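Structural description and commentary
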Amino acid sequence: MRQPLRKWVSRMSLFPPAGLEASAGGMTMTTIKMRNATKLSTVGDILCQRCPRCRMGSIFRYSIFRGFPKMNERCSICDLRFEREPGYFLGAMYVSYGLGIVIVSIFAALLWSITGWWITKDTIWAVVLFLPLAPTITLFARVLWIYFDQTVDPERRS
């Protein structure tokens, strides 16, 4: 049994959740059953920054919407390694750029429709309004990148 799982199992109550069952030697993890992976639950798991494999562990130490958290190296439940190799999050940089362009464009369009200013002035103000969101968008892009990567090329349990 891996160390993170041992800590988690030691905190378990008398009645284990789904995916765990009692055995003669104590509680062991037989399998982590992925929740029904409907599109709605996947979106919810992405917004809650949960592990793409088990959907129970956390990617960050606390929510990205509350500050600038550090990223966990591995999932505490299924031991999925979030950063597979050096430079792994280079793809997340492109996702972050795409999200940033979409958000700035929406801000500029809203400003233009409300104020009627020149598009240059609207764009500058849209960028200024976007700047406080940039760190959160960058971390959120990592979550999207991990989910995309696990969908395309899932890392197997070792």
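Cut-offs used in this document
- Residues numbered from 1 in each chain as written.
- Predicted model: local features only at pLDDT ≥ 70, side-chain atom pairs only at ≥ 80, totals over all residues.
- Heavy atoms only, no water.
- Phe/Tyr/Trp six-rings, centres within 6.5 Å; stacked < 30°, edge-to-face > 60°.
- Buried < 20%, exposed > 50% of the residue type's maximum accessible area, 1.4 Å probe, protein only.
- Helix = DSSP H or I, 4+ residues; strand = E, 2+ residues; numbered from the N terminus.
- Lys NZ or Arg CZ within 6 Å of the ring centre and 35° of its normal.
- Axes fitted to C-alpha atoms, helices over the stretch in contact; angles between N-to-C directions.
- Parallel < 35°, antiparallel > 145°, perpendicular 65-115°, else oblique.
- Left-handed = near helix turned anticlockwise from the far one by under 90°.
- Contact = heavy atoms within 4.5 Å.
- Nonpolar A, V, L, I, M, F, W, Y, C, P; charged D, E, K, R; others polar.
- Polar contact = N/O pair within 3.5 Å; in protein donor to acceptor, adjacent residues only side chain to side chain.
- Expected span 1.5 Å × (residues − 1).
- Arc of directions from axis to C-beta.

Taken as a whole, this structure holds 2 aromatic pairs when the rule is applied. With centroids separated by 4.9 Å and ring planes inclined at 75°, the aromatic side chains of Tyr88 and Phe89 adopt a geometry described as edge-to-face. Like Phe89, Tyr88 is buried. Considering the side-chain rings of Trp145 and Phe148, the 5.6 Å spacing of their centres and the 35° angle between planes classify their relative orientation as tilted. In this pair, Trp145 and Phe148 are both assigned in helix 5 (residues 134-152), 3 residues apart and thus about one turn of the helix distant. By relative accessible area, Phe148 is classed as partly exposed at 47%. Directly above the aromatic system of Phe89 lies the positively charged group of Arg142, at a separation of 4.3 Å from the ring centroid.

Another aspect to go through is the packing of helix 3 (residues 90-115) against helix 5. Contact pair helix 3 / helix 5: the axes reach a minimum separation of 8 Å and the direction vectors enclose 125°. Looking at the two axes, helix 3 sits oblique to helix 5. In this structure, helix 3 meets helix 5 at a crossing whose hand is right-handed. Taking contact as the criterion, the partners of Gly91, Ala92, Val95, Ser96, Leu99 and Ile103 in helix 3 are, on helix 5, Ile137, Thr138, Phe140, Ala141, Arg142, Leu144 and Trp145. When grouped by side-chain class, the residues that make up the contact of helix 3 with helix 5 number 9 nonpolar, 3 polar and 1 charged.

As a further point, take the side chain of Asp45. By the element assignment, Asp45 lies in helix 2 (residues 39-47). A distance of 2.5 Å separates polar atoms of two side chains, one belonging to Asp45 and the other to Arg50.

Turning our attention to helix 4 (residues 119-130). For helix 4, with 12 residues, the first-to-last C-alpha span of 16 Å sits near the 16 Å given by 1.5 Å per residue. Among the residues making up helix 4, those that are buried are Asp122, Ala126 and Phe130. Taken around the axis of helix 4, the buried residues stretch over an arc of 70°, which confines them to a single face. Exposed and oriented more than 90 degrees from the buried face of helix 4 are Thr120 and Ile124.

By themselves these figures say nothing about function.
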